[in-house]
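Understanding the architecture of this molecule
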Amino acid sequence: MAVVSTFGIEEEFVFLDPETLRPADVAEGAFDHLHARPELARITHREFLASQVEHASAVFTSTDAAHNALVGFRRELAAEAERLGVVIASVGMPPDAYGFPTVTDLPRYLRIVEDMGGVIADHQIQGLHVHVGVADHDDGIRALNVTRTWLPLFSALTGNSPIWRGHDTGFESWRNVAQRRWTTTGCPPIFRDGADYDRRLERLIGVGGMKDQAIIMWNARLSSHVPTVEIRVADAQLEAWSAVLLAALFRALVACVVDESLESEAAVKPTSEAAPGPELLNASLMHSAHSGLSGTVLDPVLAELLPAAEVMERCIRVLQPGLEAAGDLALAREGMARLLREGTGAARQRRAFAADGVQGLGKLYGERFAAAG
């Protein structure tokens, strides 16, 4: 019988000025107010910038429970934003930001600024990180090595940062472009096992601003503090449902790789002959950051650029054993159909911006941030 894996979701949110939609440095007050409540203290965290707050969820086995919890936290945060007279948004980058951002006054963050300098000016990003529990380091590496080929698809599904410094960038995820400036970025390499992963990460510490393993910016990695494999390719999502959709898909992928009872590992990875090299995967990540679901996407199994709808349909089919084991098949089908019907967060932001500029974006953020559906 298949074992239903645990998962957790980290979401980064940004406070914005209601008139300009530029970052508003009010996170410290919001954090203190939220953290005073015991039920929120364990899941509310300060983030790198003084305009940000992070939600690090509880550990879930149910996507229904995850959705309810994410919407509940967003409602608390929306109320906090109203109290402070600002807008709260879940987007990969703020639509308008100039100058060097205010960094949270914590020693670790200040050391990062000292090491990375001007890189920080454009590092005004909010991500969605999904953790899936694994039995041990070696299972995590098995899952990580397969996840590499799925990253371009996951990126295409989750682009939500098309507007930067008041202009449409032409990209679905400008966040993924901005993040390419860091020492480790994009697709992780292939590792032999958990010991190989630990050894190679240890050699990175102290090189190019890599103070610790938490600064590993690959789009997927093993967690440095909990037994999980983690994807970091996704922009923060306009709504909770698309965050939960990504969690369901990623959990199913990990299950297909590490759960021997599903007998599905071969179905979710390309053959050795078709396996893409890092150059194709990183080029495909840029392709997804640009086009999202509007054109072609790298198929994670066939390792070819194919129409997005076709790749999404195959994704559901090959992940079906893992989705069924967790009870998430209907959620995945409905979520994929909704993305094709309504568009990604980036597509919806772009439409709102084209129709009514900054005011259109502000309205969109307000309507969708804590929406239950």
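For the structure, see preceding data.
Residues numbered from 1 in each chain as written. Predicted model: local features only at pLDDT ≥ 70, side-chain atom pairs only at ≥ 80, totals over all residues. Heavy atoms only, no water.

1. Describing the packing of helix α8 (residues 240-258) against helix α11 (residues 329-342)
For the pair α8 and α11, the least separation of the axes is 10 Å and the interaxial angle reads 130°. Comparing their axes, α11 and α8 come out oblique. As for the relative orientation of α8 and α11, their crossing is left-handed in sense. For the pair formed by α8 and α11, the contact residues are Trp241, Val244, Leu245, Ala248 and Leu249 on the first element and Leu331, Ala332, Gly335, Met336, Arg338, Leu339 and Glu342 on the second. Grouping the constituent residues of the contact of α8 with α11 by class yields nine nonpolar, one polar and two charged. (Axes fitted to C-alpha atoms, helices over the stretch in contact; angles between N-to-C directions. Helix = DSSP H or I, 4+ residues; strand = E, 2+ residues; numbered from the N terminus. Parallel < 35°, antiparallel > 145°, perpendicular 65-115°, else oblique. Left-handed = near helix turned anticlockwise from the far one by under 90°. Contact = heavy atoms within 4.5 Å. Nonpolar A, V, L, I, M, F, W, Y, C, P; charged D, E, K, R; others polar.)

2. A few points about the side chain of Ser90
Mapped onto the fold, Ser90 is located in the loop between β4 (87-89) and α4 (107-116). There is a polar contact of 2.6 Å between the side chain of Ser90 and the backbone oxygen of Gln237. If near-sequence neighbours (up to four positions away) are discounted, Ser90 is found in contact with Phe13, Arg74, Asn160, Ala236, Gln237, Leu238 and Phe369. (Polar contact = N/O pair within 3.5 Å; in protein donor to acceptor, adjacent residues only side chain to side chain.)

3. Examining the packing of aromatic side chains
The description of two aromatic rings rests on the distance between their centres and on the angle between their planes. The full count for this structure, using the stated rule, is nine aromatic pairs. Aromatic pair Phe13 and Phe369: ring centres 5.3 Å apart, planes at 75°, arrangement edge-to-face. Of this pair, Phe13 sits in strand β1 (residues 7-16) while Phe369 sits in the segment after α12 (345-368), placing them 356 residues apart in sequence. Summarising the burial analysis for this pair, Phe13 and Phe369 share the class buried. Taking the centre distance of 5.3 Å and the plane angle of 70° together, the rings of Phe171 and Trp174 count as edge-to-face. Connected via pairs of aromatic rings, a cluster forms that spans Phe13, Phe73 and Phe369. In this structure, Arg74 is placed above the aromatic ring of Phe369, and the distance from its NZ or CZ to the ring centre is 5.1 Å. (Phe/Tyr/Trp six-rings, centres within 6.5 Å; stacked < 30°, edge-to-face > 60°. Buried < 20%, exposed > 50% of the residue type's maximum accessible area, 1.4 Å probe, protein only. Lys NZ or Arg CZ within 6 Å of the ring centre and 35° of its normal.)

4. What about the pattern of salt bridges?
This model, assessed by the stated rule, comprises 29 salt bridges. The partner of Arg37 in a salt bridge is Glu76, and the shortest N-O contact between them spans 2.7 Å. Linking Arg37 in the loop between α1 (27-35) and α2 (38-41) with Glu76 in helix α3 (residues 63-84), this pair joins segments that are 39 residues apart in sequence. By relative accessible area, which is 26% here, Glu76 ends up partly exposed. Residues Arg368 and Glu239 are paired through a salt bridge, measuring 2.5 Å at the closest nitrogen-oxygen approach. Residue Arg368 is found in helix α12, and its partner Glu239 is found in the loop between β9 (228-235) and α8; the two are separated by 129 residues along the sequence. A relative accessible area of 24% places Arg368 in the partly exposed class. Owing to a relative accessible area of 0%, Glu239 belongs among the buried residues under this scheme. (Salt bridge = Lys/Arg side-chain N within 4 Å of Asp/Glu carboxyl O.)

5. A short note on the environment of Ala243
Note on placement: Ala243 falls in helix α8. According to the relative accessible area criterion, Ala243 is buried, its value standing at 0%. C-alpha of Ala243 to C-alpha of Ala325: the two residues are 82 residues apart in sequence and 20 Å apart in space. Apart from the residues lying within four places of it in its own chain, the contact partners of Ala243 are Ile9, Glu11, Leu70, Leu128 and Gln237.

6. Points about the nonpolar core
Trp150, Phe154, Leu249 and Leu319 are the most contacted members of the largest nonpolar core, which has 80 residues in total. For this core, the element with the highest residue contribution is α8, accounting for 15 residues. Beyond its immediate sequence surroundings of up to four residues, Trp150 is in contact with Leu253, Val268, Pro300, Val301, Cys315, Val318 and Leu319. Of all hydrophobic cores here, the second largest spans 16 residues; its members include Leu40, Ile43, Phe73 and Ile88. (Core = buried A, V, L, I, M, F, W, Y, C linked by side-chain atoms within 4.5 Å.)

7. A closer look at unusual backbone geometry
The residue Arg165 is not glycine, and still its phi comes out positive at about 55°. You can see Arg165 is positioned in the loop between β6 (163-164) and β7 (167-168). A positive phi angle is found at Ala303, which is not glycine, with a value near 60°. With respect to the helices and strands, the residue Ala303 is situated in the loop between β10 (296-298) and β11 (305-307).

8. Things to note about the environment of Ala308
In this structure, Ala308 sits in helix α10 (residues 308-326). By relative accessible area, Ala308 is classed as buried at 3%. With near-sequence residues (within four places) excluded, Ala308 lies in contact with Leu293, Gly295, Thr296 and Val297.

9. Points about helix α9 (residues 278-291)
Between its terminal C-alpha atoms α9 stretches 20 Å, which fits the 20 Å expected from 14 residues at 1.5 Å a residue. All of the buried residues along α9 are Leu281, Ser284, Leu285, Ser288, Ala289 and Ser291. (Expected span 1.5 Å × (residues − 1).)

10. Points about the packing of α3 against α8
It is the contact of α3 with α8, at a shortest axis distance of 9 Å, that shows an interaxial angle of 145°. Where α3 crosses over α8, the handedness of that crossing is right-handed. Here α3 contributes Thr63, Ala66, His67, Leu70, Val71 and Arg74 to the contact with α8, which in turn contributes Ala240, Trp241, Ala243, Val244, Ala248 and Arg251.

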